[in-house]
Amino acid sequence: MHVRLIRHGTTAGNAARRYVGRSDEPLCPEGRAAAERHEKDPLLDRVYVSPLLRARETAAILFPNAKQTVVEDFKEMDFGAFEGRSADEMEHDPAYRAWVDDLCRGACPGGESQAEFHARVLHAFTETARGAGEDMTVVSHGGVIMSILYQLAEPKREFYEWQTPNLGGYEADCTEENGRPVLRNVRPIE
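Residues numbered from 1 in each chain as written. Predicted model: local features only at pLDDT ≥ 70, side-chain atom pairs only at ≥ 80, totals over all residues. Heavy atoms only, no water.

**Digging into the state of the cysteines**
- Taken as a whole and assessed by the stated rule, the structure comprises zero disulfides.
- Free of any disulfide, Cys 108 has its nearest cysteine sulfur in Cys 104, 7.5 Å distant.
- Cys 108 gets classed as buried once you look at its relative accessible area, which sits at 2%. (Disulfide = S-S within 2.5 Å. Buried < 20%, exposed > 50% of the residue type's maximum accessible area, 1.4 Å probe, protein only.)

**Some words on the layout of surface pockets**
- Taken as a whole, the largest pocket spans an internal volume of roughly 900 Å³.
- Lining of the largest pocket is provided by 31 residues; of these, Arg 7, Arg 18, Tyr 19, Phe 79 and Gln 163 occupy positions nearest its centre.
- Sorting the residues of the lining of the largest pocket by element identifies α4 (94-101), α5 (114-130) and α6 (142-152) as the ones contributing at least two each.
- A per-class count over the lining of the largest pocket returns 15 nonpolar, 10 polar and six charged.
- Computed from the structure, the second largest pocket encloses a volume of approximately 250 Å³.
- In terms of lining, the second largest pocket is formed by 13 residues, of which the most central are Arg 4, His 38, Glu 39, Ile 189 and Glu 190.
- A class-by-class count of the residues in the lining of the second largest pocket yields five nonpolar, three polar and five charged. (1 Å grid on protein atoms, 1.4 Å probe; cavity = no way out; pocket = protein on both sides within 12 Å on 5 of 7 lines; lining within 4 Å. Points joined across faces, edges and corners; volume = space filled by probe spheres on them. Helix = DSSP H or I, 4+ residues; strand = E, 2+ residues; numbered from the N terminus. Nonpolar A, V, L, I, M, F, W, Y, C, P; charged D, E, K, R; others polar.)

**Some remarks on the packing of aromatic side chains**
- On inspection of all chains with the given rule, the structure shows 10 aromatic pairs.
- Measuring from ring centre to ring centre gives 5.4 Å for Trp 162 and Tyr 170, while their planes differ by 85 degrees; the resulting arrangement is edge-to-face.
- Given the relative accessible area of 10%, Tyr 170 is considered buried.
- By way of ring pairs, the aromatic residues Tyr 19, Phe 79, Phe 82, Tyr 96 and Trp 99 are connected into one cluster. (Phe/Tyr/Trp six-rings, centres within 6.5 Å; stacked < 30°, edge-to-face > 60°.)

**A look at helix α3 (residues 53-62)**
- For α3, the tally of buried residues reaches seven of 10 residues, placing the bulk of the element in the interior.
- Check the buried side of α3 and you find it contacts β1 (2-7), α2 (29-37), β2 (46-49), β3 (67-70) and β4 (135-140). (Contact = heavy atoms within 4.5 Å.)

**Focus: unusual backbone geometry**
- Geometrically, the link from Glu 154 to Pro 155 is a cis peptide bond, its omega value of 0 degrees lying close to zero.
- Within the secondary structure, Pro 155 is located in the loop between α6 and β5 (169-177).
- In the Ramachandran plot, Leu 167 falls in the positive-phi region, its phi being about 70 degrees despite a non-glycine side chain.
- Looking at where Leu 167 falls in the secondary structure, it is placed in the loop between α6 and β5.

**Some remarks on the environment of Tyr 19**
- Tracing the backbone through its elements, the reader meets Tyr 19 in the loop between α1 (12-15) and α2.
- Distance in space between the C-alpha atoms of Tyr 19 and Trp 99 is 13 Å, their sequence separation being 80 residues.
- For Tyr 19, the residues in contact, after removing those within four places along its chain, are Phe 79, Phe 82, Glu 83, Gly 84, Arg 85, Ala 87, Met 90, Tyr 96 and Trp 99.
- At 2.7 Å, the side chain of Tyr 19 and the side chain of Tyr 96 are in polar contact. (Polar contact = N/O pair within 3.5 Å; in protein donor to acceptor, adjacent residues only side chain to side chain.)

**Considerations on the packing of α2 against α3**
- Running from N to C, α2 and α3 cross one another at 30 degrees; their axes reach a closest spacing of 9 Å. For the element pair α2 / α3, the angle class is roughly parallel. Considering how the two elements wind past one another, α2 and α3 form a crossing that is right-handed. On α3, the residues that touch Arg 32, Ala 35 and Glu 36 of α2 are Glu 57, Ile 61 and Leu 62.
- Considered class by class, the residues forming the contact of α2 with α3 number three nonpolar, no polar and three charged. (Axes fitted to C-alpha atoms, helices over the stretch in contact; angles between N-to-C directions. Parallel < 35°, antiparallel > 145°, perpendicular 65-115°, else oblique. Left-handed = near helix turned anticlockwise from the far one by under 90°.)

**Considering the sheet that holds strand β6 (residues 180-188)**
- Taken in spatial order, the six strands make up an open sheet running β3-β2-β4-β1-β5-β6, and their pairing is mixed. Two strands bound the open sheet, and with one partner strand each, they are β3 and β6. Taking each pair of neighbouring strands and ignoring which way they run, the sheet shows an average axis angle of 30 degrees.
- For β1 and β5, the ladder comprises five bridges, and the chain directions are antiparallel. Directly across from His 2, in β5, lies its bridge partner Asp 173. (Pairing = 2+ DSSP bridges.)

Functional significance is not addressed by these values, which are geometric in nature.
Shown next as structure tokens:
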């Protein structure tokens with residue numbers, strides 16, 4: 001199976017470098033304009049999307065004729081108390097400093113841990129891939145893409161090495177090995 005993983009366009013929170021996880025922000029005017037300038041695929045008939053507005057708007061622009069299948073667990077990480085705030089605003093917040101010092105692995109106060117996030121995303125991707133057929137295009141979030149590739153891409157790379165810009169993404173060949181998807185030949189979408 002051929003897989004494409006695409007990050008949504010820019011939101012106001014992204015532009016301000018804020019943690020935007022569960023907030024349901026639309027694309028900002030610049031993000032919408034960039035998506036509209038991006039190459040379209042009018043032939044794609046199905047796209048799997050996060051339920052959050054920014055992903056659905058991006059998918060509608062890039063794949064204007066595709067049916068959107070919402071996958072609830074393709075939502076971005078739940079940043080809890082850090083949601084909507086920037087690193088600069090929280091530089092003296094002890095809970096934020098502790099989270100960053102632990103490489104952001106622990107749970108955000110009122111949010112998810114990295115392990116919980118990875119488990120949620122892996123389950124959603126595995127179940128979606130099983131029913132997708134020969135091609136699977138996903139429009140979701142930077143953290144979701146990072147999580148999928150960190151867990152499933154061969155050769156292995158660290159989580160933060162998979163950072164993806166808005167409207168960026170990766171494509172790969174997906175096979176199932178020992179009941180688990182494996183992504184090979186991972187390359188940036190051009």
